[in-house]
Amino acid sequence: MGQVNDPNAPSAQETDLGDPLAAFAALRTEEGRALLDEVRDVEPAQELAAATRLRRTYPAPLVSAALAQARLRRRAAAKFGAEDAARMFFTPNGVEQSTRASVAAHRAESFKALGVRSLADLCCGIGGDAIALARAGISVLAVDRDPLTCAAARANAEALGLADLIEVREADVTEVDTAAYDAVFVDPARRGGRGRIFDPEAYSPPLSWAVGAALRAPLAALKIAPGIPHEAIPAEAGAEWISDGGDVKEAVLWFGTDTPASHRATLLPGGASLWTSLAAMLPDPEVRPVGRYLYEPDGAVIRAHLVAEVAARVEGGLIDETIAYVTSDALHATPYATAYEITDQLPFNVKKLKALLRERGVGILTVKKRGSAVEPEELRRKVKPQGKNAATVFLTRVAGAPTMLIGHPAAPRA
């Protein structure tokens, strides 16, 4: 692909823009960049009018490509931030599958802390992880077999001023020699033509190949789906589940560190990290009656099977042996769970709940559920909350019985 503003590169008028690679290259010419600047603030409802106007000046296929790229950049802003997304280049799959910038930065800092100075990023996609690694000062070989994806990764390295640290190579990752690198990172494709892939051996490349590549490297990390069965995690790996803003984003298997056979829950943006070796994991907490406080563990804590560790920290137990809600009579500050003060416990009954909310003037209702088939929006429609007060309703099970717990976020202790 020609360099930006290459005077010898063909113009958009001279290029067959029906080819995706050619259309992408045209967006990086002086003409293409000017067009991207023009469509940057075009809202979806304005696209038709904008396309009609711009086609008087630019080739129609280039206008379509620019408008599509502008849409992708708007979508990508949630992952990469508005400033970076406005300069980067994306493919639809790249936006969907790339790592959120905050998570990539956390992983890059973890590699840096482990002394990594060079890394092979296998299945690099549009370069989200490579960007974070390079910003951490790590030299990256970024490998992907898709030509358009590689073109986007190169464009992003250049756009963000990181081309000196990121080498993009179009190749089959299973044929790349990584012996010269301090570490390997593998992010197998977990989506196919029919959507998300749940079988790790159906990843591309399969998890078994990725594990083999990791074991051959001095240090390695494999990005996997957070719902991976724990029995599929190799004994040599330390597993880390990462949430950002309360949403679980991914899991990572670490190889070659001093914490094999362990589970970790990392909560971003704060960076709190709860860790234990598998040998030291606590048994499931006992089930006990609902106390004054209910703790809702972060999703990463639940995925990592570290609810018992949180329960021990808050002097609590479970409300049901199958439900990851912890109850306690004491209020403890913890980053690993959100505390609620419980005011009422009722058997599941919509009419009783509606009457109680009306009596207390509750118009701002937060509905959470765990172990209930009732959808929060369905309950909202039925109870029709009205008033100025706020409350949180938990639809759950207590000792096996469908139950409603009513409360509110607990005020922090002095």
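Residues numbered from 1 in each chain as written. Predicted model: local features only at pLDDT ≥ 70, side-chain atom pairs only at ≥ 80, totals over all residues. Heavy atoms only, no water.

So what's going on with the packing of aromatic side chains? Which residues, and what values?
One pass over the full model with this rule turns up 5 aromatic pairs. An angle of 50° between the planes, with centres 5.5 Å apart, marks the rings of Phe-80 and Phe-90 as tilted. Of the two residues, Phe-80 is situated in helix 4 (residues 60-80) and Phe-90 in the loop between helix 5 (82-85) and helix 6 (92-97); the sequence distance between them amounts to 10 residues. By the burial criterion, Phe-80 is buried, and Phe-90 matches it. An angle of 80° between the planes, with centres 4.9 Å apart, marks the rings of Tyr-340 and Phe-394 as edge-to-face. Taken together, the residues Tyr-340 in strand 15 (residues 337-347) and Phe-394 in strand 17 (residues 389-398) connect sequence positions 54 residues apart. Pairwise contacts between aromatic rings join Tyr-325, Tyr-340 and Phe-394 into one cluster. Taking NZ or CZ as reference, Arg-73 lies 4.9 Å from the ring centre of Phe-89, over its face. Over the ring of Tyr-325 we find Arg-370, and its NZ or CZ is 4.6 Å from the ring centre. (Phe/Tyr/Trp six-rings, centres within 6.5 Å; stacked < 30°, edge-to-face > 60°. Helix = DSSP H or I, 4+ residues; strand = E, 2+ residues; numbered from the N terminus. Buried < 20%, exposed > 50% of the residue type's maximum accessible area, 1.4 Å probe, protein only. Lys NZ or Arg CZ within 6 Å of the ring centre and 35° of its normal.)

A description of the sheet that holds strand 13 (residues 317-318) should follow, citing residues and the corresponding values.
Taken in spatial order, the 7 strands make up an open sheet running 13-14-12-15-18-17-16, and their pairing is mixed. Here the strands that pair on one side only, and so sit at the sheet edges, are strand 13 and strand 16 (362-369). The pairing of strand 15 with strand 18 (residues 401-409) spans 7 bridges and is antiparallel. When the sheet's bridge partners are listed, Asp-344 is paired in strand 18 with Ile-406. The sheet strands contacting helix 13 (residues 350-359) are strand 15, strand 16, strand 17 and strand 18, and the helix crosses strand 18 at an angle near 15°. Of the strands in this sheet, strand 16 and strand 17 are in contact with helix 14 (residues 376-383), which crosses strand 16 at around 150°. (Pairing = 2+ DSSP bridges. Contact = heavy atoms within 4.5 Å. Axes fitted to C-alpha atoms, helices over the stretch in contact; angles between N-to-C directions.)

With reference to specific residues and values, describe the pattern of salt bridges.
Tallied over the entire structure, the rule returns 21 salt bridges. The partner of Arg-135 in a salt bridge is Asp-84, with the nearest N and O atoms 2.8 Å apart. Placement of the pair is Arg-135 in helix 8 (residues 128-135) and Asp-84 in helix 5, with a sequence separation of 51 residues. Using a relative accessible area of 12% as the deciding quantity, one classes Asp-84 as buried. Linked by salt bridges that have partners in common, Arg-107, Asp-129, Asp-187, Lys-223 and Glu-250 make up one network. (Salt bridge = Lys/Arg side-chain N within 4 Å of Asp/Glu carboxyl O.)

Let's hear about the sheet that holds strand 9 (residues 247-255): which residues, and what values?
Read across the sheet, 9 strands follow the order 3-2-1-4-7-9-8-10-11 without closing on themselves; strand pairing throughout is mixed. With one partner strand each, in any of the chains shown, strand 3 (166-170) and strand 11 (272-277) form the two edges of the open sheet. The sheet shows a mean angle of 20° between the axes of neighbouring strands, direction not considered. In terms of strand pairing, strand 2 (residues 139-144) meets strand 3 through 5 bridges, oriented parallel. Counterpart to Ala-142 in the pairing with strand 3 is Val-168.

So, helix 1 (residues 20-27): which residues are in play, and what are the values?
Of the positions making up helix 1, those classed as buried are Ala-22, Ala-23, Phe-24, Ala-26 and Leu-27. Residues of helix 1 that are buried in the fold lie against helix 2 (30-39), helix 4 and helix 9 (147-159).

Can you tell me about the environment of Leu-274, naming the residues and giving the values?
With respect to the helices and strands, the residue Leu-274 is situated in strand 11. Taking relative accessible area as the criterion, Leu-274 reaches 4% and is therefore assigned buried. The spacing of Leu-274 and His-263 is 11 residues in sequence and 8.3 Å in space, taken between C-alpha atoms. When residues no more than four places from it in sequence are discounted, the contact partners of Leu-274 are His-263, Arg-264, Ala-265, Val-301, Leu-306, Glu-309, Val-310, Arg-313 and Tyr-336.

Account for unusual backbone geometry, naming residues and giving values.
Here Ser-204 and Pro-205 are connected by a cis peptide whose omega angle stands at 0°. In this structure, the amide linkage connecting Leu-268 to the following residue, Pro-269, adopts the cis form with an omega of 10°. Mapping Pro-269 onto the fold places it in the loop between strand 10 (262-268) and strand 11. Although it is not a glycine, Glu-315 adopts a positive phi angle of roughly 55°.

Requested: an account of the pairing of strand 2, with residues and values cited.
By the criterion of burial, strand 2 is predominantly enclosed, with 5 of the 6 residues buried. Sheet analysis places strand 1 (residues 118-122) next to strand 2, joined by 5 bridges and oriented parallel. Bridge pairing links Leu-122 to Val-143 in strand 2. In the classification by handedness, the crossover that spans strand 1, the intervening helix 8 and the parallel strand 2 is right-handed. (Right-handed = clockwise from strand over helix to strand, strands pointing away.)

With reference to specific residues and values, describe helix 7 (residues 101-113).
Each turn of an α-helix holds 3.6 residues, which means side chains three or four residues apart point in the same direction. With 13 residues, helix 7 extends 18 Å between its outermost C-alpha atoms, agreeing within 8% with the 18 Å of an ideal straight helix rising 1.5 Å per residue. Those residues of helix 7 that fall on the buried side of the exposure criterion are Val-103, Ala-104, Arg-107, Ala-108 and Phe-111. Down the axis of helix 7, the sector holding all buried residues measures 135°, keeping them to one side. A positive backbone phi angle near 90° is found at Gly-115, which sits one or two residues after helix 7. (Expected span 1.5 Å × (residues − 1). Arc of directions from axis to C-beta.)

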